[in-house]
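Residue-level structure breakdown
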Amino acid sequence: LLDEPTNHLDVESALALQAFLAGEADPGAGALAPPETLVVVSHDRDFLETVATDVVVFANKQLRYFPGTVSEFEQREAEGAA
C-alpha cells in the first residue's frame, strides 16, 4: 500500500520509484523485483499513468473495477455520462 508515495521525494527519486514500480528499472544483480499487486493512493497524475494498469474506485461504499489507466477510466466514465 502506497499512500502519496511521491509527496516528499525529489524529482529524481520519484522517477526512480515510478520506473521500479512500472517494471522499467534495470534490476541489476540481487535487486528486488517490483510487486505484482500494489494499491496506490496518489494525486501525482504522471505517476499514476505510468504505474497503474487497473483502477479501483471506492465510492458510495462500493468498489468498482476498471482495467486500464486512469485516463482510460475517465474517458469511459465521460462516455457513460454523455
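Described in the following lines is the structure provided in the data block. (Residues numbered from 1 in each chain as written. Predicted model: local features only at pLDDT ≥ 70, side-chain atom pairs only at ≥ 80, totals over all residues. Heavy atoms only, no water.)

**As for a nonpolar patch on the surface**
Condition: Patch rule: a residue counts if its relative accessible area is over 30% and it has no salt bridge; like charges are joined within 9 Å, and nonpolar side chains (Val, Leu, Ile, Met, Phe, Trp, Tyr) within 5 Å. Using a 1.4 Å probe, accessible areas were evaluated by the Shrake-Rupley method; residue-level cover was limited to the displayed protein chains. Criterion for a salt bridge: a side-chain nitrogen of Lys or Arg within 4 Å of a carboxyl oxygen of Asp or Glu. Helix numbers and strand numbers start at the N terminus; a helix is a DSSP run of H or I with at least 4 residues, a strand a run of E with at least 2. Note on exposure labels: buried denotes an accessible area under 20% of the residue type's maximum, exposed denotes more than 50%, and partly exposed covers the range between, all computed with a 1.4 Å probe on protein chains only.
Side chains of V56, F58, L63 and Y65 sit close together on the surface and give an oily, nonpolar patch of about 500 Å² of accessible area. Among the secondary structure elements, those contributing two or more residues to the nonpolar patch are β3 (54-59) and β4 (62-67). Assignment of secondary structure puts V56 in strand β3. The exposure class of V56 is exposed, given its relative accessible area of 53%.

**So, the side chain of T6**
For the record, the criterion: Between two residues, a contact is recorded if the distance between any of their heavy atoms is within 4.5 Å.
Structurally, T6 can be placed in the loop between β1 (2-3) and α1 (11-21). Exposure remark for T6: the relative accessible area of 9% places this residue in the buried category. Beyond its immediate chain neighbours, meaning those up to four positions away, T6 contacts A14, S42, D44 and F47.

**Overview of the nonpolar core**
Note the cut-off: Each nonpolar core is a collection of buried residues, namely Ala, Val, Leu, Ile, Met, Phe, Trp, Tyr and Cys, held together in the definition by side-chain atoms within 4.5 Å.
Within the largest apolar cluster, six residues are counted, these being L48, V55, V57, F66, V70 and F73. Residue contacts for V70: discarding those within four places in its chain leaves R45, L48, E49 and V55.

**Thoughts on unusual backbone geometry**
One non-glycine residue, E4, lies in the positive phi region at around 50 degrees. For E4, a relative accessible area of 17% translates into the label buried.

**What to know about the pairing of β4**
Both faces of the sheet carry side chains from a regular strand, because those side chains alternate between them. Operational definition: Strands are labelled as partners when DSSP assigns at least two bridges between them.
Of the strand pairs in this sheet, β3 and β4 are connected by six bridges, and their pairing is antiparallel. By the bridge assignment for β4, D54 is matched with P67.

**Here we look at the environment of P34**
Within the fold, P34 resides in the loop between α1 and β2 (40-41). Overall, the relative accessible area of 30% leaves P34 in the partly exposed class. P34 sits 34 residues away from G68 along the chain, and the two C-alpha atoms are 19 Å apart. Setting aside residues up to four positions removed in sequence, P34 forms contacts with F20, L21 and G23.

Keep in mind that these numbers describe shape and distance, not what the molecule does.
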